[in-house]
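Take a look at the letters that make up each chain.
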Amino acid sequence: MSTNEDFTVIPLKFVESDESGHQLLVKENASKVTCKQKPIGRTLYVLNVPPYATKKSLQLAFSAAGNVERVALQERPSSKESASIDEMASNLFKFKVAYIVFEESASLKKLLKSKKINALNADGKLLTGVPKWIQTYKKRVPDPVALQKEIDEYMQSYDETMEQKKIEESAKNESEDGWVTISTKNSNAFSQKESVVKKLEKKLNNDSSTKELKNFYTFQIREAKKNDIISLRKKYDRDLQKMEQIKKTKRFKPY
């Protein structure tokens, strides 16, 4: 178990111009059991990390001793120094525990010897107080243009998916003669083969011609009467000719 004598105190300023700062407790993370996330000789164990510190700002601060490979933040120290790193959520505003992994072990030794690191906000990009609240609020408000684009893309994808489902459902229920079996799923859909539609249209045209009304108009009645008279006259002439032929073939015998 670590004691206060095992740690080295390193002052941490927010900016270089600050006359006073925060104090970090650091020591080399040593363990008999190897942990890939905490390589022996290159990992620095840091306590009392302020709530506003981020991975990027800590990487910038400790880069004064050498290149930093990665920074991991935890809500509390691991039960064992060799335990894997269980990183905390970035939105938790509380004091943290950090593991700083340097690229070279010489950087860690240099830091423990010099006891100096860069200011936490050396690049001026770390926000705190009201500016941070404003930034957090703006991130929560979606961009209307981007939001509308996302909605349009989603609706387009949804419509295409539903259309494909309708086509597949129609093809599944379609019989050989082109009719579709109506079910609860496709009760509002109607589909039929083109060849069957043409046959139906032809049948309707034939039916309409056979069902045409006759002797409905005046000119139709007039023409019908004229045709009837002509037909009767022709029949009368044919009958006269037959009578003449009968008279010629038979002899007249009054007694």
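Read on for an overview of the structure. (Residues numbered from 1 in each chain as written. Predicted model: local features only at pLDDT ≥ 70, side-chain atom pairs only at ≥ 80, totals over all residues. Heavy atoms only, no water.)

## Side note on the side chain of threonine 43
Worth spelling out the cut-off: Secondary structure counts use DSSP, requiring at least four H or I residues in a row for a helix and at least two E residues in a row for a strand, with both numbered from the N terminus. Under the rule applied, a polar contact is a pair of N or O atoms within 3.5 Å (in protein, one hydrogen donor and one hydrogen acceptor; residues adjacent in sequence only if both atoms are side-chain atoms). Only heavy atoms enter the contact rule, under which two residues are in contact if any of them lie within 4.5 Å.
Note on placement: threonine 43 falls in strand β3 (residues 43-49). Separated by 2.8 Å, the side chain of threonine 43 and the backbone oxygen of proline 39 make a polar contact. Contact partners of threonine 43, with chain neighbours within four places excluded, come to Lys27, Glu28, Asn29, Lys38, Tyr99, Ile100, Val101 and Leu108.

## Describing the pairing of strand β4 (residues 68-74)
The condition is simple: For every residue, the accessible area (1.4 Å probe, protein chains only) is compared with the maximum for its type, and the residue is labelled buried under 20%, exposed over 50%, or partly exposed between those bounds. Two strands qualify as a pair provided DSSP detects at least 2 bridges between them.
Most of β4 sits inside the fold, with five of its seven residues counted as buried. Across six bridges, the pairing between β4 and strand β5 (residues 96-102) is antiparallel. What sits directly across from arginine 70, in β5, is valine 101.

## Some thoughts on the packing of aromatic side chains
To keep it simple, the criterion reads: Between 30 and 60 degrees the pair is tilted, below 30 it is stacked and above 60 it is edge-to-face, where a pair is any two Phe, Tyr or Trp rings, Trp via its six-membered ring, whose centres lie within 6.5 Å.
Taken as a whole and assessed by the stated rule, the structure comprises three aromatic pairs. Look at phenylalanine 7 and tyrosine 45: their rings are 5.9 Å apart centre to centre, the planes differ by 45°, and that puts the pair in the tilted class. In this pair, phenylalanine 7 is assigned in the segment before β1 (8-12) and tyrosine 45 in strand β3, connecting sequence segments 38 residues apart. Assessed through its relative accessible area of 12%, phenylalanine 7 is described here as buried. Here the aromatic rings of phenylalanine 14 and tyrosine 52 are separated by 5.8 Å at their centres, their planes lie at 75°, and the arrangement is edge-to-face.

## A closer look at the sheet that holds β5
Cut-off, in case you're wondering: Axis definition: a line fit to C-alpha positions, over the contact stretch in the case of helices; interaxial angles, taken between N-to-C directions, run 0 to 180 degrees.
Across the sheet, which stays open at both edges, the five strands sit in the order β1-β2-β3-β5-β4 with antiparallel pairing between neighbours. Since the sheet does not close on itself, it has two edges, and those belong to β1 and β4, each with one partner. On average, each strand axis in the sheet is inclined to that of its neighbour by 25°, with strand direction left out of account. Judged from the five bridges that link them, β3 and β5 form a sheet pairing that is antiparallel. Its bridge partner being in β5, tyrosine 45 is matched across the sheet by tyrosine 99. Helix-sheet contacts for helix α1 (residues 55-62) involve β2 (22-28), β3, β4 and β5, and the interaxial angle to β4 is about 135°. Contacts from helix α2 (residues 105-114) reach β1, β2, β3 and β5 within the one sheet, and its direction differs from that of β3 by about 40°.

## Considering the environment of lysine 36
With respect to the helices, strands and loops of the structure, lysine 36 is situated in the loop between β2 and β3. Separated by 49 residues in the primary sequence, lysine 36 and isoleucine 85 place their C-alpha atoms 9.7 Å from one another.

## Topic: unusual backbone geometry
Positive phi is not limited to glycine here, since asparagine 48 has a value of about 65°. Its identity as a non-glycine residue notwithstanding, lysine 115 has a phi of 60°, on the positive side. Here lysine 115 lies in the loop between α2 and α3 (129-140).

## Thoughts on the nonpolar core
Put simply, the rule reads: Grouping buried Ala, Val, Leu, Ile, Met, Phe, Trp, Tyr and Cys residues that are joined through side-chain atoms within 4.5 Å yields what is termed a nonpolar core.
Membership of the largest hydrophobic core comes to 24 residues, with the highest contact counts inside it found for Leu44, Val46, Leu58, Phe62, Ile100 and Phe102. Only β1, β2, β3, α1, β4, β5 and α2 provide two or more residues apiece to this core. Residue contacts for valine 46: discarding those within four places in its chain leaves Leu24, Leu25, Val26, Phe62, Lys96, Val97, Ala98 and Ile100.

## A word on the pairing of β3
Regular strands have side chains that alternate between both faces of the sheet. Of all seven residues making up β3, six are buried, and the element is well covered by its neighbours. When β2 meets β3, the two strands line up antiparallel, connected through four bridges. Directly across from lysine 27, in β3, lies its bridge partner tyrosine 45.

## Description of the pattern of salt bridges
For clarity, the threshold we go by: For salt bridges, the criterion is a side-chain nitrogen of Lys or Arg within 4 Å of an Asp or Glu carboxyl oxygen.
Applying the stated criterion to the full structure yields four salt bridges. Residues lysine 94 and glutamate 75 are paired through a salt bridge, measuring 2.7 Å at the closest nitrogen-oxygen approach. In this pair, lysine 94 sits in the loop between β4 and β5 while glutamate 75 sits in the loop between β4 and β5, placing the two residues 19 residues apart along the sequence. You can call lysine 94 partly exposed: its relative accessible area is 32%. You can call glutamate 75 partly exposed: its relative accessible area is 30%. Between lysine 235 and aspartate 239 there is a salt bridge, with its nearest N and O atoms 3.5 Å apart. With lysine 235 and aspartate 239 both in helix α6 (residues 218-249) and four residues apart, this pair spans about one turn of that helix. Because the salt bridges share partners, they merge into one network encompassing Glu75, Arg76 and Lys94.

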